[in-house]
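# Commentary on secondary and tertiary structure
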Amino acid sequence: MGLKKRVLSLVLLLCLSLIVFACSKNSGTKTNTNSSGNETTGQSGQSSNFNETGFPIVNEPITLEMMGRKSPIQPDWADMGFFQKMEELTNIKFTFRIATSDDYTQKKQLAFASLDLPDVFYAAELTLEEEADYGSQGLLIPLEDLIDKYAPNLKALMDQNPEIKASITTPDGHIYALPGIDQNITSKTPIMWMNKPWMDALGINTPETMEDFYQMLKAFKEKDPGSVGDVIPLTASSADELRLGLLPNFGLVQDGGIYEDNGTVKYAFVQEEYKAYLKFMNRLYSEQLLDNQMFSHTWEQFVAKGPRVGILSTWPIVMLGFTDLNEALKYPVLPPMTSETNSKKLTQGMHEIRRGRAAITKENKYPEATMRWLDYAAYSEEGTIMARLGIEGETYEWNEEGQWVLLSKDGLSTTETNAKHAPGAGANPPMNLTREFFEKEGGNPVILEIYKWVQAELIPYARTPFPLVYFTSEEQEVVRSLKPDIDTYFKQMEAKFITGAESIDAKWDEYVRTLESLGLADYLAAYQSAYDRWAASR
């Protein structure tokens, strides 16, 4: 073969290879369709259509796919006024893959496993592990540069509160999911409620110590001030709820057993303060001052006990079903108390930052436009109002005092009406729910009075036990492998100690040794490494 022919053959072979490569790439490219039916792919299609500021976000409409968890009382999101109004404003339309609760969790896991991803997760319920794993694998895209350029509302919040950035940045330095911010006073700490009519009937003052608390429960049981018969002085929907409400009185706040003490990570459920808590609860249980069905009752059975209960762990309106909301003011909050192991008032603090609420996947061909949509929908005042309250005139209105009032229409309750058009009514999308937003709630002075109680009685003593951290893949594997056995054993023994099936004094040392044999030291070491990394980033 001559030189010219060999060169020509090589050129033809190269051209053919390039054609095959281009075809193979295009065969895996997801396309989006504009209003004219024309397919646009990649950033070039976006750059000619995308507006960096103002509305609409895109000149020609685009359609993206959204996946999220909805409330059972919500309609299909396609019928929700929030998404319709956002489409009108932005020119971005969504198709939806939504489900409730466990069904959503399974579908989310399947989407990642099969690589059949939506363009965006919203009300995403992403776990810390999912953020870190799927972000590092490239299934979720890094968002920090998009936030800097196209999310002025979220960026302003992050500048005002550096805790936000520290709490949503994974160990590889990237942000893969957007948070919600919830400053609702009643979300900042667990609340327990006192039956004040019973206290007044017996001349009992608000307890200041755990011994005062015991004497109050004993009086409820023995004297039946409400004439209800078979009094239940204290109950909770679960051991977890009871522990959150009362363990701080013994000097411990914890998150899944984990807390930080002067830079050292510790496990709460082997401490002497927890042992004192168990002994107190066993004392209540043995004298039937603590509901003896607490470890077995269903939610429905628990709520039905409301009229017979002296100290409630769930909102009085839920357990007593008042037709007049003012009746709730007869059940003030139980304040923090001191005990033999704790001389200072203390209560559990909850984080305002709620992680894993939204994310953009690698399938999304319009990440800039999507970030602008999310920033307005989640972090602007107007977007948050619409996401949480719905459509003005349909699900809420403003009164003369400038307060928002939920509406009830078509025979539906305010909650059901609200859920028709607001994804934040029942689901957990990203929103910036400020304290000012909640204080503008009108038509319900009772809730504002409860806010005042919580602000005065609980918030000054609230302490969060552990920061919002992320684990490296190695730390995550340690936690994932050890946590199930540690949690299962701890919960089994807690029930046995409280009910008296096992003696606390006789079995305590064995209990601690068993937890240590389950890998407690390695478990804490993983948390310590994550904490040290978080502390160094501040």
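Everything here concerns the structure above.
This one's a predicted model, so the numbers in the text were calculated from it and none came from an experiment.

### Side note on the overall build of the protein chain
In terms of regular secondary structure, the protein chain is built from 22 helices and 17 strands. The C-alpha extent of the protein chain, read off along each of the three principal axes, is 110 × 60 × 40 Å. Considering the protein chain as a whole, with its 538 residues, one finds that 49% of them fall into the buried category. Taking the intrachain contacts of the protein chain between residues at least 6 apart in sequence as the baseline, contacts between residues at least 24 apart amount to 75%. Put simply, the protein chain shows about 24600 Å² of open surface, and 49% of that area lies on carbon and sulfur atoms. Mean positive and mean negative side-chain charge positions of the protein chain (51 and 75 charges, respectively) differ by 4 Å.

### Side note on the sheet that holds strand β11 (residues 309-312)
In spatial order, the strands read β7-β11-β8; together these three strands make up an open sheet with mixed pairing. Both edges of this open sheet fall to β7 (193-194) and β8 (232-234), since each of them pairs with a single strand only. Sheet topology places β7 next to β11; two bridges connect them, and they run antiparallel. Its bridge partner being in β11, W193 is matched across the sheet by L312.

### Considerations on helix α15 (residues 367-379)
Its 13 residues give α15 an end-to-end C-alpha distance of 17 Å, which sits within 8% of 18 Å, the value for a rise of 1.5 Å per residue. Most of α15 is tucked away: 13 of the 13 residues are buried.

### Some points on the sheet that holds strand β6 (residues 178-182)
Hydrogen bonds between backbone groups are what pair the strands of a sheet, and the pairing can be parallel or antiparallel. Pairing within the open sheet is mixed, and its six strands lie in the order β4-β3-β5-β13-β6-β16. Edge positions in the sheet fall to β4 (92-99) and β16 (432-433), since each of these pairs with one other strand and no more. Relative to β16, β6 is paired through two bridges, and the arrangement is parallel. If you follow I181 over to β16, its bridge partner there is N432. Most of the contacts of α15 go to strand β13 (residues 353-360), to which it runs at about 150 degrees, and overall it touches β3 (62-69), β4, β5 (120-122), β6, β13 and β16.

### With respect to the nonpolar core
Membership of the largest hydrophobic core comes to 79 residues, with the highest contact counts inside it found for W77, Y122 and W373. With eight residues, the top contributor of residues to this core is α15. Core analysis: the second largest hydrophobic core is formed by 66 residues, L242, Y267, A276 and L334 among them.

### Some thoughts on the pairing of strand β9 (residues 258-261)
Sheet analysis places β9 next to strand β10 (residues 264-267), joined by four bridges and oriented antiparallel. Its bridge partner being in β10, I258 is matched across the sheet by Y267. Hairpin geometry of β9 and β10 is characterised by an intervening segment of two residues between the two adjacent antiparallel strands and by a positive phi of about 55 degrees at N262.

### Concerning the packing of helix α20 (residues 473-499) against helix α21 (residues 504-517)
Between two packed helices, what matters for the description is the angle formed by their axes and the separation of those axes. Viewed as axis vectors pointing N to C, α20 and α21 meet at an angle of 175 degrees, and their least axial separation amounts to 11 Å. Judged on the interaxial angle alone, α21 and α20 are roughly antiparallel. Touching I486, Y489, F490, M493 and F497 of α20 are I504, K507, W508, E510, Y511, T514 and L515, all from α21. Residue classes in the contact of α20 with α21 are distributed as nine nonpolar, one polar and two charged.

### Side note on helix α19 (residues 445-457)
Between its first and last C-alpha, α19 extends 18 Å over 13 residues, near the 18 Å set by a 1.5 Å rise per residue. Every buried residue belonging to α19 is among V446, I447, I450, Y451, W453 and V454, and all of these are buried. Viewed end-on, α19 has its buried residues packed into an arc of 160 degrees, placing them on one side of the element. Structural note: α19 exposes P445, K452 and A456 on the side pointing more than 90 degrees away from its buried face.

### Describing the packing of helix α12 (residues 272-286) against α21
Where α12 contacts α21, the axes come no closer than 12 Å and their chain directions differ by 145 degrees. Viewed along their axes, α12 and α21 form a crossing whose handedness is right-handed. On the side of α12, the interface is formed by E272, Y274, K275, L278, K279 and N282, while α21 contributes I504, D505, W508 and Y511. Its residues assigned to classes, the contact of α12 with α21 comprises five nonpolar, one polar and four charged.

### Let's talk about the pattern of salt bridges
By the definition in use, this model includes 28 salt bridges. As a salt-bridge pair, D116 and R97 come within 3.7 Å of each other at their nearest N and O atoms. Taken together, the residues span a long stretch of sequence, with D116 in the loop between α4 (101-114) and β5 and R97 in strand β4 at a distance of 19 residues. What makes D116 partly exposed here is its relative accessible area of 45%. Of the charged contacts in the structure, one is a salt bridge between D487 and K483, with a shortest N-O distance of 2.9 Å. Residue D487 and its partner K483 are located together in helix α20, separated by four residues, close to a single helical turn. The network of salt bridges with shared partners includes D240, R243, K491 and E494.

### Let's talk about the environment of V478
Note on placement: V478 falls in helix α20. In this structure V478 comes out as partly exposed when scored by relative accessible area, which is 28%. Note: C-alpha distance between V478 and G519 (41 residues apart in sequence) is 9.3 Å. Leave out the neighbours within four places in its chain, and V478 touches D522, Y523 and A526.

### Comments concerning the packing of aromatic side chains
In this description, a pair of aromatic rings is defined by centroid distance and the angle of the planes. Applying the stated criterion across every chain yields a total of 39 aromatic pairs. Where F82 meets W373, the ring centres are 6.1 Å apart and the plane angle is 80 degrees; that geometry is what we call edge-to-face. One end of the pair, F82, is in helix α3 (residues 81-90); the other, W373, is in helix α15, with 291 residues separating them in the sequence. Owing to a relative accessible area of 0%, F82 belongs among the buried residues under this scheme. Taken together, F250, Y267, F269, Y274, Y277, F280, Y489, F490, F497, W508 and Y511 form an aromatic cluster joined through their ring pairs. When the ring centre of Y214 is taken as reference, the NZ or CZ atom of R283 above it lies at 3.5 Å. Here R372 stacks its cationic end above the ring of F55, 5.4 Å away from the centre of that ring.

### Concerning the pairing of β4
Summarising the sheet, β3 and β4 pair through eight bridges and their orientation is parallel. By the bridge assignment, G68 is partnered in β4 with I98. The handedness of the β3 to β4 crossover, carried by α3, is right-handed.

Calculation criteria
- Residues numbered from 1 in each chain as written.
- Predicted model: local features only at pLDDT ≥ 70, side-chain atom pairs only at ≥ 80, totals over all residues.
- Heavy atoms only, no water.
- Helix = DSSP H or I, 4+ residues; strand = E, 2+ residues; numbered from the N terminus.
- Buried < 20%, exposed > 50% of the residue type's maximum accessible area, 1.4 Å probe, protein only.
- Contact = heavy atoms within 4.5 Å.
- Areas by Shrake-Rupley, 256 points an atom, 1.4 Å probe, with all protein chains shown as cover.
- Lys, Arg positive; Asp, Glu negative; His and termini not counted.
- Charge placed at Lys NZ, Arg CZ, Asp CG, Glu CD.
- Pairing = 2+ DSSP bridges.
- Expected span 1.5 Å × (residues − 1).
- Axes fitted to C-alpha atoms, helices over the stretch in contact; angles between N-to-C directions.
- Core = buried A, V, L, I, M, F, W, Y, C linked by side-chain atoms within 4.5 Å.
- Parallel < 35°, antiparallel > 145°, perpendicular 65-115°, else oblique.
- Nonpolar A, V, L, I, M, F, W, Y, C, P; charged D, E, K, R; others polar.
- Arc of directions from axis to C-beta.
- Left-handed = near helix turned anticlockwise from the far one by under 90°.
- Salt bridge = Lys/Arg side-chain N within 4 Å of Asp/Glu carboxyl O.
- Phe/Tyr/Trp six-rings, centres within 6.5 Å; stacked < 30°, edge-to-face > 60°.
- Lys NZ or Arg CZ within 6 Å of the ring centre and 35° of its normal.
- Right-handed = clockwise from strand over helix to strand, strands pointing away.

Interpretation in functional terms is not warranted from these geometric data alone.
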